[in-house]
Amino acid sequence: MLTAILSLAGLAIVFGLILGFAAVRFRVESDPIVDKIDALLPQTQCGQCTFPGCRPYAEAITKGEADINQCPPGGDNTILALADLLGVDPKPLNPENGEVKEEKTVVIIDENICIGCTLCIQACPVDAILGAAKQMHTVIEEECTGCNLCIPPCPVECIYIVPVKKTIQSWKWPDPDNTQVENGVAG
Amino acid sequence: MLKTIQQLWQFRGGLHLEEHKDESTLLPISSIPLPKKLVLPLQQHLGQTAEAIVSKGDKVLKGQKIAEASGYVSVPLHAPTSGTVIDIDNYPIAHPSSMKSMCIVIESDGRDQWIEKHPVSNYESMTPEQLREHIFEAGIVGMGGAGFPSFIKLNPGEEKKVKTLILNGAECEPYITCDDMLMREQADNIITGARIMLRALQAEHCLIGIENNKPEAIAAIQKAASAFSDIEVVSVPTLYPTGGEKQLIKVLTGLEVPNQSFPSDIGIVCHNVATANAIYRAFILGEPSISRVLTVAGNNIETARNLEVLIGTPFSDVINVCGGLINKNASLVMGGPMMGFQIHSEQAPVIKTCNCILARDDNTSHEHHMPCIRCGQCAEVCPVNLLPQQLYWYAHARDFDKIQDYKLFDCIECGCCDYVCPSDIPLVQYYRFAKTEIWVQEQEKQKSDIARQRHEFRNSRLERDKRERAERHKKKLASSDKSDDKDKKQKVIQDALDRVKAKRDAQQANQNNDQ
């Protein structure tokens, strides 16, 4: 009887030590599921999901405070990927958060009108606007995520939304399913 | 040297197609009148776009370098004739998107005057590095179709020993006969090119694979190669797609190139016979890659034939030389009927990889394709051992992870599955769609990673600023005595008030004076 209790207690202590050591040694800094969700989000940082950026939204999904259908820039692809990752059923985009954009856009500043107030620079989540006080501002189009957060603060309405330039590098063969529907012809 | 290779192997699948090769082999290769205007896309091949080094209004000579390579997978571009650069702008090019791309436009002066040529005949005394440098400078890319810069393929790296050079003269696709005619007419040049490549690779021997439906080409090449014991000419059975790099390697050596590897990983390098000819010209004649032989064929062309055409010649000029189109609305295809793609503008120029212009009635459209009946014929003919049906389902369902598990990127888009499909499903269209979709998604992923980094950096910067401001504030508070501070402030305010008062008084005095 005593040997049994002692040996079990001994085992418990040994495994406890191993687990305790492992918990310290192989500690994972942040919750990896947040990283995984964050990796699937489009990183537009537009805040349309009602959270201040993509990572806060990922954290909210992890805590169960937000649903997976609140990201308009990601659209259906992101919702499907999130549903796949989290093992839940996909659902249509919540219209309260906005509409899916037909094509990718960036913004440009009309440099003749800009008064150099720096308000848009402060609003840009990815530092894609270059300029200084009373100096002309310009958008680094390569870095712009198309979040449009710079438009409301502009006092002179000199920021416009333009579609991203299409290049041969980013050209896609048409989806045969779609061409069939649209033109009655595929290929 | 004339030898019969001991054994040939066979790849799985493949098709026997109607050849349609006799129509275009009746006439010898001929050149065409000098076009008035040449349009040279800066993107001639896979890899990075070249950078223009001439500007509008510049006079150029034939063979003069007009664009410099940028990046490793890139080669220079040369002026195909002498004349004036009249524009550098976006023009229609031969691309399935029918989008415009950056081109240098040269108006020919009609003199066709060469820049000073530097032929090199003593290539035997040059090192492999020097040979590759010369091939790079001549702007030579693979002329069989994909257009990978040749100097890279001739540079397997220190650790890889290349034993075998394979020259691809299979030309398996219907209608195309430009390699056939080139081998018949310029066999000696091709063999010289092969000798240069052998030296650049330090390879032991060269196999030249030619399909047995080209007896004249085999005879000509055998005659030219008879002086060399390390060059073997092999007649291979006619079966589409033997001309695929990996398929030809399998037929000639029995070796299979592993997934995600290059032929050089198994000691083999494969080049097209037309590339060998371009290399011959670069060394012996000192001419860069500014022209190529191409086939014009199809039932909508008056006279099918092979032509030596300057790079940059508009398709319409080439077609006119062949008597024009019978049906003006015929669809134009660049490349063969199996792997080519439709061109929407007759003004699109010939590029280095354009081996065929095909004008024929479009009878291959999959206008009313029917559902897949899972007959499995596509899997039987696939030369890469893929499961085309599964790939189709996953492309249809847009499941791009799964489709990569089924090795979509090993698909060579040969079109065999498409050809045999009883439901007329445009299978290759689905694969091309899936491939480009995956590429674009990858590009977007990279972009979003950059956006994440920039956002995180901005957040940390804002936090740092806030912290620093708070610290400065704290320091200020700590350094100055409170009561002292108050007095100082009071004094400053008082001073300011005094100044304003003095100013006002002065103004009033002025006004009074004025009155």
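Because the structure is a prediction, the values reported are computed rather than measured. (Residues numbered from 1 in each chain as written. Chains lettered and ligands numbered in written order. Predicted model: local features only at pLDDT ≥ 70, side-chain atom pairs only at ≥ 80, totals over all residues.)

Some remarks on the overall build of chain B
Looking only at helices and strands, one finds 14 helices and 17 strands in chain B. Relative to a compact globule of 515 residues, whose C-alpha radius of gyration would be 24 Å, chain B shows 32 Å and is clearly more extended. Per-residue burial over chain B gives 46% buried out of 515 residues. Taking the intrachain contacts of chain B between residues at least 6 apart in sequence as the baseline, contacts between residues at least 24 apart amount to 73%. (Helix = DSSP H or I, 4+ residues; strand = E, 2+ residues; numbered from the N terminus. Rg over C-alpha atoms; globule rule 2.2 N^0.38 Å. Buried ≥ 20, exposed ≤ 12 C-beta atoms within 10 Å, placed from the backbone. Contact = placed C-beta atoms within 7 Å.)

Examining the sheet that holds strand β8 (residues 100-108) of chain B
Residues and elements named next belong to chain B. Spatially, the 4 strands line up as an open sheet ordered β2-β8-β7-β4, and their pairing is antiparallel. The open sheet terminates on both sides in strands that have one partner only, identified here as β2 (37-41) and β4 (59-60). Two elements, β4 and strand β7 (residues 83-92), share 2 bridges in a ladder whose sense is antiparallel. Bridge pairing links V60 to G83 in β7. (Pairing = 2+ DSSP bridges.)

Some remarks on the domain arrangement of chain B
All names here are of chain B. Splitting chain B by domain gives domain 1 (23-334) and domain 2 (372-480). Centre-to-centre separation of domain 1 and domain 2, based on C-alpha positions: 33 Å. Every contact between the two is made by 4 residues of domain 1 and, on the other side, 5 residues of domain 2. A class-by-class count of the residues in the side of domain 1 that touches domain 2 yields 1 nonpolar, 3 polar and no charged. (Domains from an automatic or database assignment. Nonpolar A, V, L, I, M, F, W, Y, C, P; charged D, E, K, R; others polar.)

Comments concerning the nonpolar core
Residues B:I208, B:I221, B:I279, B:L294, B:V296 and B:I357 are the most contacted members of the largest nonpolar core, which totals 132 residues. Each of domain 1 (23-334) and domain 2 (372-480) of chain B accounts for three or more of the residues forming this core. Discounting residues that sit within four places of it in the chain, B:V296 has contacts with B:I301, B:A304, B:R305, B:L307, B:V318, B:I319, B:C322 and B:I357. Core analysis: the second largest hydrophobic core is formed by 16 residues, A:I129, A:C144, A:C147 and A:C150 among them. (Core = buried A, V, L, I, M, F, W, Y, C linked by C-beta atoms within 7 Å.)

So, the domain arrangement of chain A
Residues and elements named next belong to chain A. According to the domain assignment, chain A contains domain 1 (6-100) and domain 2 (102-168). Centre-to-centre, using C-alpha coordinates, domain 1 lies 31 Å away from domain 2. In this complex, domain 1 contributes 6 residues to the contact, which on the side of domain 2 involves 7 residues. Taken together, the residues that form the side of domain 1 that touches domain 2 break down as 1 nonpolar, 5 polar and no charged.

Brief notes about the confidence of the model for chain A
For chain A, the average pLDDT comes to 87, and 94% of its residues sit at 70 or higher. Low pLDDT, under 50, characterises residues 180-187 of chain A; the predicted model gives this stretch 15 contacts beyond four residues in sequence or across chains. (pLDDT = per-residue confidence, 0-100.)

Focus on helix α10 (residues 388-396) of chain B
Burial in α10(B) covers these residues: B:P388, B:Q389, B:L391, B:Y392, B:Y394 and B:A395. Here the buried face of α10(B) lies against α9 (377-381), α11 (400-405), α12 (416-420) and α13 (427-479) of chain B.

Regarding the confidence of the model for chain B
For chain B, per-residue confidence averages 90 on the pLDDT scale, and residues scoring 70 or more make up 96% of the total. As a predicted assembly, this complex carries a pTM of 0.82 together with an ipTM value of 0.80.

Some words on the interface of chain A and chain B
Listed by partner, the interface residues are 22 residues for chain A and 25 residues for chain B. For the side of chain A that touches chain B, the class distribution of residues is 10 nonpolar, 6 polar and 6 charged.

Quick look at the sheet that holds strand β3 (residues 51-52) of chain B
Across a sheet, strands are paired by hydrogen bonds formed along the backbone, either parallel or antiparallel in direction. Taken together, 3 strands build an open sheet; the order of strands is β3-β5-β6 (chain B) and the sheet is antiparallel. A strand with exactly one partner marks an edge of an open sheet, and here the two such strands are β3 and β6 (77-78) of chain B.

A closer look at the packing of helix α3 (residues 178-185) of chain B against helix α5 (residues 215-225) of chain B
Residues and elements named next belong to chain B. Remark: α3 packs on α5, axes separated minimally by 8 Å, with the N-to-C direction vectors making an angle of 40°. Considering their axes alone, α3 and α5 lie oblique with respect to each other. Remark: the crossing between α3 and α5 carries left-handed chirality. On α5, the residues touching D180, M183 and R184 of α3 are E216, A217, A220 and I221. Of the residues belonging to the contact of α3 with α5, the class tally is 4 nonpolar, no polar and 3 charged. (Axes fitted to C-alpha atoms, helices over the stretch in contact; angles between N-to-C directions. Parallel < 35°, antiparallel > 145°, perpendicular 65-115°, else oblique. Left-handed = near helix turned anticlockwise from the far one by under 90°.)

Examining helix α4 (residues 187-201) of chain B
All names here are of chain B. Compared with an ideal rise of 1.5 Å per residue, which puts 15 residues at 21 Å, α4 spans 21 Å between its outermost C-alpha atoms and is within 8% of the ideal. Among the residues of α4, those classed as buried are A187, N189, I190, I191, T192, G193, A194, R195, I196, M197, A200 and L201. Looking at the residues trailing α4, positive phi occurs at Q202, about 55°. (Expected span 1.5 Å × (residues − 1).)

Side note on the pairing of β8(B)
The two faces of the sheet receive side chains in turn, since in a regular strand these alternate between them. As paired strands, β2(B) and β8(B) are joined by 5 bridges and run antiparallel to one another. Paired with B:L38 across the strands is B:I106, a residue of β8(B).

Here we look at unusual backbone geometry
The omega torsion of the bond from B:Y240 to B:P241 falls at 0°, within 30 degrees of zero and hence cis. Here B:P241 is to be found in the loop between β11 (231-236) and α6 (245-253). Of note in the backbone geometry, A:E157 takes a positive phi value of approximately 50° without being a glycine. Mapping A:E157 onto the fold places it in the loop between β3 (138-139) and β4 (159-163).

Focus on the environment of B:Q64
Residue and element names in this part refer to chain B. Position of Q64 relative to the elements: it lies in the loop between β4 and β5 (65-68). Taking the C-alpha atoms as reference, Q64 lies 39 Å from V257; in sequence the two are 193 residues apart. Discounting residues that sit within four places of it in the chain, Q64 has contacts with H78, A79 and I115.

Description of the pairing of strand β10 (residues 205-211) of chain B
All names here are of chain B. Counting buried positions along β10 gives 6 out of 7 residues, so the element sits mostly inside the fold. With 6 bridges joining them, strand β9 (residues 164-169) and β10 adopt parallel strand pairing. Residue L165 lies in a different strand from β10, and its bridge partner there is C206. In terms of strand pairing, β10 meets β11 through 6 bridges, oriented parallel. Looking at the pairing, I210 lines up with S235 of β11. For the crossover from β10 across α5 to β11, the handedness is right-handed. (Right-handed = clockwise from strand over helix to strand, strands pointing away.)

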